[in-house]
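Here's the letter readout for the chains.
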Amino acid sequence: ISKIVSLCASKVKIVMCVYSPLLLKGDRMWHFAVSVFLVELYGNSLLLTAVYGLVVAGSVLLLGAIIGDWVDKNSRLKVAQTSLIVQNASVILCGIILMMVFLFKTQLLTLYHGWLLTVCYILVITIANIANLASTATAITIQRDWIVVVAGEDRSKLADMNATIRRIDQLTNILAPMAVGQIMTFGSPMIGCGFISGWNLMSMCVEYLLLWKVYQKTPTLALKSAKVEESELKQLNVKKETDTKPSEGVQLIVEKDVTGFEPQQEKEISCTARIAEPFTTFRDGWVAYYNQPVFLAGMGLAFLYMTVLGFDCITTGYAYTQGLSGSLLSLLMGASAVTGIMGTVAFTWLRRKCGLVRTGLISGVAQFACLVLCVISVFMPGSPLDLTVSPFADISARLFESEPLPSIASPEDKPEMVFATGMPNLLNGSTTPANSDPEMSPEPVPLISVSLLFAGVIAARVGLWSFDLTVTQLLQENVVESERGIINGVQNSMNYLLDLLHFIMVILAPNPESFGLLVLISVSFVAMGHIMYFRFAQKSLGKQLFVCCTPDSKAVSDSSPPGNTSTV
């Protein structure tokens, strides 16, 4: 009994060491604050924020497969340590640069005709992008690889750990912006930069220690079978050419990590082959992703990113144009987080009752049913839908009126940030609509449409997060260990690609009058994503698709598609 108790206590310590770094990570703080910092720096303009978002999305789209391949080629501890240090060091360096810019902004503006300040902007965006890439590598290795090894053969434990990680993510998504927002409100942006830098320095040391403890207490994290790697890595090259083996370089590194063998053949690789290696990795990663048995499930998840029905800057801006206050929006965001946590609870319960694949089907139906409210809101009173309004009306007006571009704001000058749609300044709390006369009281907008919209968005989070966890565990269970990094890297690239397309869609139709059309397009993409998953489930379960089983043993057995031997 004492051995069993000690073993259980050891397992609990390992699991807590996995969860604790997620609570300490400053990712949510930085992702929230960097956009606000860039807006403050560039005269309350969204230009730098838009450039940063484009650079981040493009980088992950192009480098996702390469990052995942790097995760696969190196030992787990090395990947975790390197990505952790690079990520936190980049955020700390960005915070220091931003503090210097906020402190000496006026002097930098006069030096070299402002070019030195421009160089600082480029440095901040570049280093912040490096931090995001390192964060992607950390998420792949910890949340897609380490957690599978720690859970072992127990899929129920894996599901519980995935759900717990998502709950922690939801909580930090609320608490981190609140903490940074309060510091910036009652202090200053410079104090906020210093706080984030100090927090990341502290959390880096604690995270490093906790990850080391997990690695020491889980011996299987250090085990990599060279023979298994050799047989599995051949799946990366679909052509299976015997003369050119792109996996040979990977195998040499694995042998070095496992057996201490020093690869001498690497010196014979030509310069041309080294230059072409990233492009080959990119191609092989996407081909391997396409050939996965869970390809349709992953594509279904990626299609859910092509939507404006979320609590991002787009939906928030639209809500402001419809008369919702900032305090009400914060409450709605809190309610969204609560329903997201409910989705994680529903996932664990449904998986035990109906199995993993059927959980995805039920979650998809629940999400789509809730989004029907958003479709109805488009045609309800208060909806500004008017397709006769040109989406480029505001842009044309600005060009013909020769409106000057925003300049760098001085510390004493704080002009109000006004969007073309009439969105108020989110930084100073002003709610005065753009181009309006303060003496005239605008007519109240009926809130039926916007109420139905947010009711659908909030309710759909239950099905959304349950579906997300389903696809996440399907990838964990059905992708071989040696391809786990590169496949999840390509999955992140697909997610960013659809997310980028949704921003392009908003750029093409930025007016509130066109938002209803964006809602209909978003729901259509969500429907297509769930249709892809339904096709995957149909192939996986066949005639047993709609037969719900209650025993946990049967529920677990349907998580692997027929003919797939690469399970955990």
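Throughout what follows, the structure given in this document is the object of discussion. (Residues numbered from 1 in each chain as written. Predicted model: local features only at pLDDT ≥ 70, side-chain atom pairs only at ≥ 80, totals over all residues. Heavy atoms only, no water.)

1. Digging into the overall build of the protein chain
No. 1: Of the regular secondary structure elements, the protein chain holds 20 helices and zero strands.
No. 2: Within the protein chain, buried positions represent 49% of all 568 residues.
No. 3: For the protein chain, the accessible area works out to roughly 27200 Å², and carbon and sulfur atoms hold 68% of it. (Helix = DSSP H or I, 4+ residues; strand = E, 2+ residues; numbered from the N terminus. Buried < 20%, exposed > 50% of the residue type's maximum accessible area, 1.4 Å probe, protein only. Areas by Shrake-Rupley, 256 points an atom, 1.4 Å probe, with all protein chains shown as cover.)

2. Quick word on the state of the cysteines
No. 1: Within the structure shown, the criterion is met by zero disulfides.
No. 2: Here C193 stays unpaired: no disulfide links it, and the sulfur of C94, its closest cysteine neighbor, is 9.3 Å away. (Disulfide = S-S within 2.5 Å.)

3. Thoughts on the packing of aromatic side chains
For any pair of aromatic rings, the description rests on two quantities: the centre-to-centre distance and the angle between the ring planes.
No. 1: Per the counting criterion, the structure on display carries 10 aromatic pairs.
No. 2: Seen from their ring centres, W212 and Y215 are 6.5 Å apart, and the 25 degrees between their planes marks the pair as stacked. Taken together, the positions of W212 and Y215, both in helix α8 (residues 189–217) and three residues apart, correspond to about one turn of that helix.
No. 3: Measuring from ring centre to ring centre gives 5.5 Å for Y533 and F536, while their planes differ by 50 degrees; the resulting arrangement is tilted. Of this pair, Y533 and F536 both sit in helix α19 (residues 515–541), separated by three residues, roughly a single helical turn.
No. 4: Classification of Y533 as buried rests on a relative accessible area of 1%.
No. 5: Taken together, W146, W212 and Y215 form an aromatic cluster joined through their ring pairs. (Phe/Tyr/Trp six-rings, centres within 6.5 Å; stacked < 30°, edge-to-face > 60°.)

4. A look at a nonpolar patch on the surface
No. 1: On the surface, a cluster of nonpolar side chains totalling about 630 Å² of accessible area is made up of L111, Y112, W115, L116, V119 and L123.
No. 2: By secondary structure assignment, the location of V119 is in helix α6 (residues 115–151). (Patch = residues over 30% accessible without salt bridge, like charges linked within 9 Å, V, L, I, M, F, W, Y side chains within 5 Å. Salt bridge = Lys/Arg side-chain N within 4 Å of Asp/Glu carboxyl O.)

5. Here's the deal with the pattern of salt bridges
No. 1: For the structure on display, the rule yields eight salt bridges.
No. 2: Between D69 and K73 there is a salt bridge, and its shortest N-O distance comes to 3.1 Å. With a gap of four residues between them, D69 and K73 both fall in helix α3 (residues 47–73), about one helical turn apart. Across the pair, exposure class does not vary: D69 and K73 are buried alike.
No. 3: A salt bridge links R283 to D284, with the nearest nitrogen and oxygen atoms 3.0 Å apart.
No. 4: With a relative accessible area of 41%, R283 lands in the partly exposed category.

6. Description of empty space enclosed by the protein
No. 1: For the coordinates displayed, the defined rule picks out four cavities of 30 Å³ or more.
No. 2: Here the second largest cavity is characterised by a volume of approximately 60 Å³.
No. 3: Secondary structure elements with two or more residues in the lining of the second largest cavity: α15 (356–378), α17 (448–478) and α19.
No. 4: The element that contributes the greatest number of residues to the lining of the second largest cavity is α19, accounting for three residues.
No. 5: Residues of the lining of the second largest cavity, tallied by class, amount to six nonpolar, four polar and no charged. (1 Å grid on protein atoms, 1.4 Å probe; cavity = no way out; pocket = protein on both sides within 12 Å on 5 of 7 lines; lining within 4 Å. Points joined across faces, edges and corners; volume = space filled by probe spheres on them. Nonpolar A, V, L, I, M, F, W, Y, C, P; charged D, E, K, R; others polar.)

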